[in-house]
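# Structural description and commentary
Listed here are the chains, written in short residue letters.
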Amino acid sequence: MRWLRLYLRARRVPLALAGTVCAIGSLWASWPHFSDGQTVNARVVSAAALIAAVAVGTTLGGADDALDHTASVNWPARRAGHVLAAAAAVVALLLVSTLTDVRFEPLGVVARNTAGLLGLTALGAALLGAALSWIAPLIWTLVALLPWLGPSDQVRWQIAAWLVQPAGTTAATACATLLAVVGLVAYALRGCPRRPAAETAPDR
Amino acid sequence: MTGRIMRIEVRRSAVPGIALLLVIVGAALMLTVTGGYAGRWTQLAVYARSTLMMLMPLALAGGAWLGRRDRRHRVDELFGTTVRPRWRRSVPLAAGYALALVTVYLLTFLLGIPWVAPSAGYFPVSTIPITAVGALALVAAGWLGMAAGRAVPRVATAPVLAVVAFAVLTFVPDYVSMSGYDENFVKVRPDPAALLLAPAINSLNDFKTIPSSVSLLQALWLAALATTGLLLLGAVGRRAVALAVLPAVVGAAVAVPLLPTGGYSGSAVLDPAAVELVCDDDGPQVCVTRAHAALLPEVVGPARKTLALIDAKLPGTAPTRVEEGRQLVDNTVRSDANHVRDDGTLVFDALSIGWTGFSDVSPDELSAALLDAAWWRECETGYPTFLARAVAVAWLTGGQPDLGRGSTAPEEREKADAALRELRNLPSDEQRKRVQAARAAALGCEIDRFHSLLFLAQP
């Protein structure tokens, strides 16, 4: 328990969690003002998943990578566990809304978008470091949210805008699964690139 | 000296990476919609502006990342102790970033040129102010982002800013525009002028342009916003922050009352040069609008064939020239603007331009559209005449009525077939007279007569 508590604190998980809950909560609270529909649409689910992915991204690296690596623990398993636990937490957080009138639904879209965006974030963290891991998920989400993109019959648009496709679209699901698996494996095996401690220090 | 500092700052900061990312995103957006602007300079400028929906949030995020630099490297306190004013240190990087952003925007615009230059008939001057406003918008976003990154130097500042800016640029105008409708979807109040403060245009039809006066006001507002960003970046202390906000407030206060209401579609005006006719006079005259001049060679063949076909079947009364209509889907030109149209002119619907800058309509489709247009005129009534037109066209070509690819009710198809059978059972002289009279009725806006002549005994 002590290890877990210290680990969560070192990765600034409480701050990320608080930020995610606040942001998604305000999205949830403001939705009825913009629409009569009770089910939050795929665009807002994507925006919520993006916010969560950005928050999770900041927790993927520690204050000092070099110091972390000296610990003789099984890092790949712990990194994979970190990402999987984060995914479960985000999905659970979004699904809590199904107890209320304004729901993040359906489960297929929530799970697909969360998994895909977290995979993309993990991939970004493995390539660029935790501090820049938000770039790819941010750009892809904004592209998918462009007003002229939406559910489509063509496979290339289904992939480009996989976030806003209806649940069960094969190409979108395949794209999200690929991102999730590649991101998870890359981050678990490699971790964040080592940067000078001065650059990865936490925000004050 | 300043130039040298700027170059070093740009080289050793995140600016090249941000610029590269923006160019990739802008290029992807431009190259996937080439059909939207191919062959038309105004449309190219408008499409480049629509990429701002993505580029502005990213420029903000990039600025925030740059603005966080001092804190990230923990030198802000050190630099705070120097006696030189803050702006002396921030201006070189801000100038370098602005230069990079302008380059990014111009590159995005230039990428579309291969689809436009070979086929565009004319270059409207308003393209330049429309493009300049876009470049200015990116600079304003970049400087505001730098100020925000300096004020809140956290990792999450950049992505959060990007998401908020994206929402403000896309959903807010949509929401404001939609709230102008009542419950029957009738527009009860025009879009407020403040919508034009957002520089991302959604779309504009081929015959319109954004007047330079509107572009000038937008440029004024964006320049004021950029000044605010720059002043905030260099501001130390509360009074400086308050002063920094002043230009944006003044800019908005000046621009909003002068901007027209109705958003981009309301502010757009007809471009008279774009709707001028460009004609081919070798044989029966065939004309298209200057905006679609590249399509003329493709139109000429099918147009003359159609004229010959009509002339063979209806000698004496066939049209002698063909011209492109200036009526686009959203009624660009009101019907009274081109009502002077003798029956000797066949006016077909404005064409759409394809991915390559040339028509995406096959010659057969074009012929079908031209034949259909021979029976059509913009009339006061909204009564549909497509069934009667299909019968008349089938009589001309000797084929079966083509009711289009859409789902047509079986009884309508049956009705058209029956009408054509009865028409063909008449003596050929009688057939010709009847169809001739029907054409005169259609062009004279006597829709009932048009129908009764073709649908002989039917109700």
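See the structure above.
Structural notes, computed from the coordinates. All figures in this text were calculated on a predicted structure; none of them were measured in a lab. (Residues numbered from 1 in each chain as written. Chains lettered and ligands numbered in written order. Predicted model: local features only at pLDDT ≥ 70, side-chain atom pairs only at ≥ 80, totals over all residues. Heavy atoms only, no water.)

### A word on the overall build of chain A
Per the secondary structure count, chain A includes ten helices and two strands. For a compact globule of 204 residues, the expected C-alpha radius of gyration is about 17 Å, and chain A comes in at 17 Å, within 12% of that figure. Seen along its three principal axes, the alpha-carbon backbone of chain A occupies a region of about 50 × 35 × 25 Å. Burial status across chain A gives 45% buried among its 204 residues. Partitioning the contacts of chain A with sequence separation of at least 6, the portion at a separation of at least 24 is 71%. Summed over all atoms, the accessible surface of chain A reaches about 9600 Å², with 69% contributed by carbon and sulfur. Put simply, chain A has 15 plus and 9 minus side-chain charges, and the middle of one group is 9 Å from the middle of the other. (Helix = DSSP H or I, 4+ residues; strand = E, 2+ residues; numbered from the N terminus. Rg over C-alpha atoms; globule rule 2.2 N^0.38 Å. Buried < 20%, exposed > 50% of the residue type's maximum accessible area, 1.4 Å probe, protein only. Contact = heavy atoms within 4.5 Å. Areas by Shrake-Rupley, 256 points an atom, 1.4 Å probe, with all protein chains shown as cover. Lys, Arg positive; Asp, Glu negative; His and termini not counted. Charge placed at Lys NZ, Arg CZ, Asp CG, Glu CD.)

### Let's talk about the interface of chain B and chain A
Accessible area lost upon the coming together of the parts is a frequently used measure of interface size. At the interface, 28 residues of chain B touch 25 residues of chain A. For the pair chain B and chain A, the summed buried area comes to about 2500 Å², and 74% of that belongs to carbon and sulfur atoms. Contact with chain A buries surface across chain B, with Arg74, Arg154 and Val155 of chain B losing the most and accounting together for 19% of the total. The interface formed by chain B and chain A holds zero salt bridges in total. On the surface where chain B and chain A come into contact, there are zero residue pairs in polar contact (both at pLDDT 80 or more). Mapped onto the side of chain B that touches chain A, the elements with two or more residues apiece are helix H2 (15-31), helix H5 (52-67), helix H6 (69-72) and helix H11 (157-178) of chain B. Top contributing element to the side of chain B that touches chain A by residue count: H11 of chain B, with eight residues. (Buried area = accessible area lost by both parts, 1.4 Å probe. Salt bridge = Lys/Arg side-chain N within 4 Å of Asp/Glu carboxyl O. Polar contact = N/O pair within 3.5 Å; in protein donor to acceptor, adjacent residues only side chain to side chain.)

### Regarding the pairing of strand E5 (residues 321-324) of chain B
Residues and elements named next belong to chain B. The sheet contact formed by strand E4 (residues 286-289) and E5 spans two bridges and is parallel. For Cys287, the partnering residue across the bridge sits in E5 and is Glu323. After leaving E4, the chain enters helix H15 (residues 296-313) and then returns to the sheet as E5, a path that is left-handed. Pairing of E5 with strand E6 (residues 345-348) involves four bridges; the strand directions are parallel. Residue pairing for E6: Glu324 is matched across the bridge by Phe348. (Pairing = 2+ DSSP bridges. Right-handed = clockwise from strand over helix to strand, strands pointing away.)

### Section: the nonpolar core
Ranked by size, the top nonpolar core spans 126 residues in total, and within it Phe104 and Trp134 of chain A together with Met54 of chain B carry the most contacts. Of all the elements, H5 of chain B adds the most residues to this core, at twelve residues. Residues Ala38, Val286, Leu307 and Val393 of chain B belong to the second largest nonpolar core, which totals 43 residues. (Core = buried A, V, L, I, M, F, W, Y, C linked by side-chain atoms within 4.5 Å.)

### Comments concerning helix H20 (residues 447-454) of chain B
All names here are of chain B. All of the buried residues in H20 are Ile447, Phe450, His451, Leu453 and Leu454. Down the axis, H20 shows its buried residues gathered within 165 degrees of arc, on one side only. The inward-facing, buried residues of H20 abut helix H17 (386-397), helix H18 (410-425) and helix H19 (428-443). (Arc of directions from axis to C-beta.)

### Things to note about the state of the cysteines
All names here are of chain B. On inspection of all chains with the given rule, the structure shows one disulfide over all chains. Across the disulfide, Cys279 is cross-linked to Cys287 (sulfur-sulfur distance 2.0 Å). An S-S torsion of about 105 degrees defines the bridge between Cys279 and Cys287 as right-handed. Overall, Cys287 belongs to the buried group, its relative accessible area being 0%. (Disulfide = S-S within 2.5 Å.)

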